Amino acid sequence: MKSFMVNLIGLAGSWYMVDLTSENSLNSIFAPLVFSGFLISSVLWFIVKFGVTQGAGTAGYFGSGDSGGFSGGDGGGGDGGC
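Residues numbered from 1 in each chain as written. Predicted model: local features only at pLDDT ≥ 70, side-chain atom pairs only at ≥ 80, totals over all residues. Heavy atoms only, no water.

Draft legend 1. Spatial organisation of the overall build of the protein chain. Looking only at helices and strands, the protein chain features two helices and zero strands. Burial status across the protein chain gives 15% buried among its 82 residues. Look at the contacts in the protein chain between residues 6 or more apart in sequence, and 40% of them connect residues 24 or more apart. Taken as a whole, the protein chain presents about 6700 Å² of accessible surface, with 65% of it coming from carbon and sulfur. (Helix = DSSP H or I, 4+ residues; strand = E, 2+ residues; numbered from the N terminus. Buried < 20%, exposed > 50% of the residue type's maximum accessible area, 1.4 Å probe, protein only. Contact = heavy atoms within 4.5 Å. Areas by Shrake-Rupley, 256 points an atom, 1.4 Å probe, with all protein chains shown as cover.)

Spelled out as C-alpha cells, the structure:
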C-alpha cells in the first residue's frame, strides 16, 4: 500500500509540474516523462495487486460443457446443403 501512495503522490506532483508550452525543459520534457513513468508504475501495481483474471475462471475461455470446453457447433463435415 505504501508503494501505491508513493505512486499517487508522484502522479499528483508531476501532473502539477507539467507545462508542455513552457520554455523550461523541466516542465515541458522531464515532468511529462516522470508522469508517464508513475502512470505505468500505477497500472502495473494494479495488475500485480488484483491480477488479471478475466476469462481465467474454472470454465475456461469457451465455457464448460459436455463437449470438452468448446460449446456449440455440429462438428462440420457436411456438404453445405447443396
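Draft legend 2. Up close: the environment of W15. Inspection of the secondary structure puts W15 in helix α1 (residues 2–17). For the pair W15 and N27, spaced twelve residues apart in sequence, the C-alpha separation works out to 9.7 Å.

Draft legend 3. Focus on the side chain of S28. Its place among the elements puts S28 in helix α2 (residues 25–50). A relative accessible area of 18% means that S28 is categorised as buried. One polar contact links the side chain of S28 to the main-chain carbonyl oxygen of N24, over a distance of 3.1 Å. S28 has contacts with D19, L20 and S22, leaving out every residue within four places of it along the chain. (Polar contact = N/O pair within 3.5 Å; in protein donor to acceptor, adjacent residues only side chain to side chain.)

Draft legend 4. Examining α2 more closely. Taking 1.5 Å per residue as the helical rise, α2 with its 26 residues ought to reach 38 Å, and the 37 Å between its terminal C-alpha atoms agrees with that figure. The largest bend in α2 is about 35°, located at A31, with the proline P32 one to four residues further on. When we look at burial in α2, the residues that qualify are N27, S28, A31, S42 and W45. At its buried positions, α2 is contacted by α1. The N-cap of α2, judged by a side-chain oxygen 3.1 Å from the amide nitrogen of L26 a few residues on, is N24. At the C-terminal side of α2, G51 shows a positive phi close to 75°. (Expected span 1.5 Å × (residues − 1). Bend = angle between axes of the 7 residues up to and from the residue.)

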